[in-house]
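Residue strings, one per chain:
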Amino acid sequence: MRVLAEVHQLDGYPVNWPDQPVEWLSRGPLLGSWVAELAGRLVGHVSLSQGGEGDLAPMLWSEQNGATRGMTAVVGRLFVAPQARGHRIGALLIGQAVEQARRRGLHPVLDVVASDIAAAALYERLGWKLMATVEQQWSPQQTVAVLCYTAPS
């Protein structure tokens, strides 16, 4: 939780700090999650899950490809400790999640808030393609723009 708290303080991710951070990291129909270590310290995390309530990317990908949402896997909960950036840890974690999705015969997709410019830039450097930008109502007081990406073929 220390690393997630550092990322939240610096980058504002997650946008809304969860009441139960441990539960937030493991909620949903998880297919797996992975962590990265650097010099013996935990410095990153990523998860892979089946699409759930509010995941826009699986819906968009399935509509665009004439497939079912069940044919996708959502890459999420990606974060890297600020002091560990610049070592390709984010790319390695995403690569692990993508590899595991493909081993299961699933197509990787993800959603990211549009304000997370660094994350979007990382995904695009790795070849992910933007499917759409969608306004999503997170609460009566909060509407956010969400970028929906699909992994490269």
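Everything below is about the structure shown above.
Definitions and cut-offs
Numbering of residues starts from 1 in every chain and runs along the sequence as written. Reporting of local features is limited, given that this is a predicted model, to residues whose pLDDT is at least 70; pairs of side-chain atoms are given and counted only at 80 or more, and all residues count toward the totals for whole chains, interfaces and linings. With hydrogens and water excluded, all non-hydrogen atoms of the structure serve as input to the side-chain values. Buried Ala, Val, Leu, Ile, Met, Phe, Trp, Tyr and Cys residues that are joined via side-chain atoms within 4.5 Å together make up what is termed a nonpolar core. Burial classes: relative accessible area under 20% of the type maximum marks a residue as buried, over 50% as exposed, and values in between as partly exposed (1.4 Å probe, protein chains only). The helix count covers DSSP runs of H or I at least four residues long, the strand count covers runs of E at least two residues long, and both are numbered beginning at the N terminus. By definition in these notes, contact holds between two residues if any of their heavy atoms fall within 4.5 Å. If DSSP finds at least two bridges between two strands, the strands pair. We call Phe, Tyr and Trp rings a pair once their centres come within 6.5 Å, taking the six-membered ring for Trp, and we label the pair stacked below 30 degrees between planes, edge-to-face above 60, and tilted otherwise. Should the NZ of a Lys or the CZ of an Arg lie within 6 Å of a ring centre and within 35 degrees of the ring normal, that charge is described as sitting over the ring. Each salt bridge in this description consists of a side-chain nitrogen of Lys or Arg and a carboxyl oxygen of Asp or Glu lying within 4 Å of one another. It is the directions from the helix axis to the C-beta atoms that the arc portrays.

Peer 1: I would appreciate a short explanation of the nonpolar core in the present structure.
Peer 2: Generally speaking, a soluble globular protein has its nonpolar side chains buried in company with each other. One finds Leu93, Tyr123, Trp128 and Tyr149 to be the most contacted residues of the largest nonpolar core, which totals 35 residues. Take this core: its biggest share by element is six residues, from helix H4 (residues 89-103). Setting aside its immediate chain neighbours within four residues, tryptophan 128 contacts Val75, Ile94, Val98, Pro108, Val109, Leu110, Tyr123, Tyr149, Thr150, Ala151 and Pro152. One finds Trp61, Val144, Val146 and Cys148 within the second-largest nonpolar core, a separate group that totals eleven residues.

Peer 1: When you look at the pairing of strand E2 (residues 41-49) in this model, what are you seeing that I'm missing?
Peer 2: Side chains on a regular strand alternate between the two faces of the sheet. With seven of nine residues buried, E2 lies mostly within the body of the structure. In terms of strand pairing, strand E1 (residues 30-38) meets E2 through eight bridges, oriented antiparallel. Among the inter-strand pairings, glycine 32 is bridged to a residue of E2, identified as leucine 48. The turn linking E1 back onto E2 is made up of two residues, and alanine 39 within it adopts a positive phi angle of 55 degrees. Relative to strand E3 (residues 72-80), E2 is paired through five bridges, and the arrangement is antiparallel. Note on E3: the bridge partner recorded for glycine 44 is valine 80.

Peer 1: Explanation requested: the packing of aromatic side chains in the structure shown.
Peer 2: Under the criterion given, the structure shown has three aromatic pairs. A centroid spacing of 5.9 Å and a plane angle of 65 degrees characterise the contact between tyrosine 13 and tryptophan 24, whose relative ring orientation is edge-to-face. Note that tyrosine 13 is positioned in the loop between helix H1 (2-11) and helix H2 (21-26) and tryptophan 24 in helix H2, a separation of eleven residues in sequence. Grouping aromatic residues by their ring pairs yields a cluster made of Tyr123, Trp128 and Tyr149. We note arginine 77 situated over the ring of tryptophan 24; from NZ or CZ to the ring centre the distance is 4.2 Å.

Peer 1: Would you mind showing me how to read the pattern of salt bridges here?
Peer 2: Any two side chains of opposite charge can pair, given that their charged atoms come close. For the coordinates displayed, the defined rule picks out three salt bridges. Salt-bridge contacts for arginine 2 lead to glutamate 6; the nearest nitrogen and oxygen are separated by 2.9 Å. Linking arginine 2 with glutamate 6, this pair stays in helix H1, spanning four residues, or about one helical turn. Its salt-bridge partner being arginine 85, residue aspartate 11 comes within 2.5 Å of it at the nearest N-O pair. Here aspartate 11, found in helix H1, pairs with arginine 85, found in the loop between E3 and H4; they are 74 residues apart in sequence, far enough to count as distant. With relative accessibility at 38%, the residue aspartate 11 sits in the partly exposed group. By relative accessible area, arginine 85 is classed as partly exposed at 37%.

Peer 1: Mind showing me how you'd approach helix H5 (residues 117-125) here?
Peer 2: For H5, the set of buried residues is Ala119, Ala120, Leu122 and Tyr123. Axial view of H5: buried residues confined to an arc of 160 degrees, hence all on one face. Away from its buried face by more than 90 degrees, H5 exposes Ile117, Ala118 and Arg125. The inward-facing, buried residues of H5 abut E3, H4, strand E4 (107-113) and strand E6 (142-150). Of the residues trailing H5, glycine 127 is marked for its positive phi of about 95 degrees.

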